[in-house]
Amino acid sequence: MITVHIPNNHVPERTYIVRTMLSHFCGIETEIVTDKDRKDYELHWGDHSISIADRFFGKFPDGIYYAHTDHLPKKIMQASAVGLDNILILYGDEQLEITRNSIVCHVDLFAGAFFMLTRWEESVNSKKDLHDRFPAEEALTVKEGFILRPIVDEYCHLLKQWLKTLGYLIPEESASYKIVPTCDVDIPFFWSSKPLWKILGGRLRKHFNPLKLISAYGDYRKVKEGIKEDPYDTFDYLMSLAEAHDHPFQFNFIAGGNTRYEGYYAIEDEDIKRLISQANSRGHQIGLHPSYQSYKDADLMKKEKELLQKSTGLTITASRQHFLRFTTPDTWRHLSAAGILEDSTSGYAAEPGFRCGTSRPFPVFDMHQRRELSLIERPLLVMDVSLRFYKKLTIEESIVLCEKIKAEVKKHNGEFVFLWHNSALSEIDGWEEWKEVLEYLMANRS
Ligand SMILES: [Zn+2]
């Protein structure tokens, strides 16, 4: 047991981040004590201590006054001092004093991790992309070029190293490296996603070729007669691949919404019910894919979760927002209020990597209500369309990028959560060669 003394201000924030880092990530039993005369954090056991400088919260009046653009990390430096393991310094400076019984660190590891995990940076920037999302290029991780570094995991690794150096017996790591394949079912079946005339009209606009149109109509007939598989119906392949590698898929289904970005199926459709039942009976997880407008609508989110539960007879506890539409902390709060226990939205469509600075699932903090929610975030690290359309990578370049991410995840016993749409395999949209990337992502090798 380690006693952590913290200053007597910003207690909910400090308690959250100390607990998340030490107990949740490092597995260390901690007792937190507030101390009105204290300025820094002190981890204490026997006659040993680690002091972590407070270079953040102590500067502000109690509350959320810290959440302002003026207080974003100013200059990101990579530490070069011995004992700091090349970590990136968001708050504080590179000074470390090590004696036989104590370590004094002037990098505010807790403020840096709080910054990454709560995403408060996203709440103080009014810039949005086309889908009202925080743009990846505005993120400090992207601007400063460290989106591929799980810096919170690095901080935790460092803390554990210091504890070991001072003789503290660290409990055996309980988390282990895991591959978590997920699939957001936006359009389950190509030929029934819209009225036939609309689909054929779309093909004609795309190819300007009447022969292709005739051949497309021929395909439609064959699918309807059961001679050919629908090009988006790749579920059996996805499930078989996941089963062969022993990593069950999480399939997220849309249960509502009325924008142009959804409505390709209804959750009560018989073929959807059949698909969900098959996936469930084969051991894959069924999650909710809350609709386009749900990210700021608590009632809608709740309604959609209930509809999915009613239609499937399953208890739904996991989700990911459609189009990764998310606003901090509101979306997390609404999900939690709807009874969702695990969300996996926090990745940038435009930038694969570590949006929250970690590859590990973590409890989320509602910065406005100043409390931890009963919701776990499982950060999304890689998505199919990010590689092909946003980053415009080739297949080989995609594999190289994913190799880098996978290696970091493995190093920190994290979860390699990736998203592959069932539609992102079909010849009809030029995805046929991308199977190679999916099979790489699923494989255990890094
Ligand atoms: Zn979606």
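All values reported here derive from a predicted model rather than from experimental measurement.

### Remarks on the overall build of the chain
Within the chain one finds 14 helices and 17 strands. Against the 2.2 N^0.38 benchmark of 22 Å for 446 residues, the chain shows a C-alpha radius of gyration of 24 Å, consistent with a compact globule. In terms of principal-axis extent, the alpha carbons of the chain reach across some 80 × 45 × 40 Å. Out of the 446 residues in the chain, the part that is buried amounts to 41%. Nonlocal contacts in the chain, meaning residues at least 24 apart in sequence, comprise 73% of its contacts between residues at least 6 apart.

### Describing the pairing of strand E7 (residues 92-98)
Here E7 pairs with strand E8 (residues 102-107) via 4 bridges, running antiparallel. Note that in E8 the partner of Leu-96 across the bridge is Cys-105. Where E7 hands over to E8, the hairpin turn is made up of 3 residues, counted between the paired strands.

### Concerning the domain arrangement of the chain
When the domains of the chain are assigned, the result is domain 1 (2-165) and domain 2 (178-190 + 230-442). The distance between the C-alpha centroids of domain 1 and domain 2 comes to 29 Å. Taken residue by residue, the interface counts 30 residues in domain 1 and 29 residues in domain 2. Listed by contribution, the elements that provide at least two residues to the side of domain 1 that touches domain 2 are helix H1 (11-25), helix H2 (109-118), helix H3 (120-123), helix H4 (140-143) and helix H5 (151-165). Looking at the side of domain 1 that touches domain 2 residue by residue, the class counts come to 16 nonpolar, 7 polar and 7 charged.

### Brief notes about helix H13 (residues 395-411)
If you check H13, its first and last C-alpha atoms are 24 Å apart, about what 17 residues at 1.5 Å a residue would give, namely 24 Å. Buried residues along H13 sit against strand E16 (382-383), helix H12 (384-390), strand E17 (415-419) and helix H14 (435-442). At the exit of H13 stands Asn-413, carrying a positive phi of roughly 50°.

### A look at the sheet that holds strand E2 (residues 30-35)
With mixed pairing, 6 strands are arranged side by side in an open sheet as E2-E1-E3-E4-E8-E7. Either end of the sheet is taken by a strand with one partner, and the two such strands are E2 and E7. In this sheet, neighbouring strand axes are inclined to one another by 15° on average, regardless of whether the strands run parallel or antiparallel. Bridge count for strand E3 (residues 41-45) against strand E4 (residues 48-52) is 5 bridges, and the pairing is antiparallel. In the sheet register, Leu-43 faces E4, and the bridge partner there is Ile-50. Along the sheet, H1 contacts strand E1 (2-7), E2 and E3; its crossing angle with E2, the most-contacted strand, is approximately 155°.

### Side note on the pairing of E2
Relative to E2, E1 runs parallel, the two being bridged by 6 bridges. Bridge pairing in E2 places His-5 opposite Val-33.

### Some details on the nonpolar core
Met-21, Phe-110, Ala-113, Tyr-155, Phe-253 and Phe-418 are the most contacted members of the largest nonpolar core, which totals 104 residues. The element best represented in this core is H2, accounting for 8 residues. Shared between two domains, this core takes at least three residues from each, and those domains are domain 1 (2-165) and domain 2 (178-190 + 230-442). For Phe-418, the contacting residues outside a window of four places in its chain are Pro-181, Thr-182, Leu-381, Val-382, Met-383 and Leu-441.

### Let's talk about unusual backbone geometry
With an omega of 0°, the peptide bond running from Thr-328 to Pro-329 counts as cis. Relative to the assigned elements, Pro-329 resides in the loop between strand E12 (318-319) and helix H11 (330-337). Within the chain, Arg-119 stands out as a residue other than glycine whose phi angle is a positive 60°. Structurally, Arg-119 is set in the loop between H2 and H3. Unusually for a residue other than glycine, Asp-132 sits at a positive phi of about 60°. Relative to the helices and strands, Asp-132 resides in the loop between H3 and H4. Accessibility expressed as a C-beta count within 10 Å gives 14 for Asp-132, which makes it partly exposed.

### Description of the packing of H1 against H2
Each pair of packed helices gets described by two things: the angle between the helix axes and the distance between those axes. Viewed as axis vectors pointing N to C, H1 and H2 meet at an angle of 90°, and their least axial separation amounts to 10 Å. Compared by their axis directions, H1 and H2 come out roughly perpendicular. Along the contact surface, H1 presents Glu-13, Arg-14, Ile-17, Val-18, Thr-20 and Met-21, while H2 presents Phe-110, Ala-113, Phe-114 and Leu-117. The residue makeup of the contact of H1 with H2, split by class, is 7 nonpolar, 1 polar and 2 charged.

What counts and what doesn't
- Residues numbered from 1 in each chain as written.
- Predicted model: local features only at pLDDT ≥ 70, side-chain atom pairs only at ≥ 80, totals over all residues.
- Helix = DSSP H or I, 4+ residues; strand = E, 2+ residues; numbered from the N terminus.
- Rg over C-alpha atoms; globule rule 2.2 N^0.38 Å.
- Buried ≥ 20, exposed ≤ 12 C-beta atoms within 10 Å, placed from the backbone.
- Contact = placed C-beta atoms within 7 Å.
- Pairing = 2+ DSSP bridges.
- Domains from an automatic or database assignment.
- Nonpolar A, V, L, I, M, F, W, Y, C, P; charged D, E, K, R; others polar.
- Expected span 1.5 Å × (residues − 1).
- Axes fitted to C-alpha atoms, helices over the stretch in contact; angles between N-to-C directions.
- Core = buried A, V, L, I, M, F, W, Y, C linked by C-beta atoms within 7 Å.
- Parallel < 35°, antiparallel > 145°, perpendicular 65-115°, else oblique.

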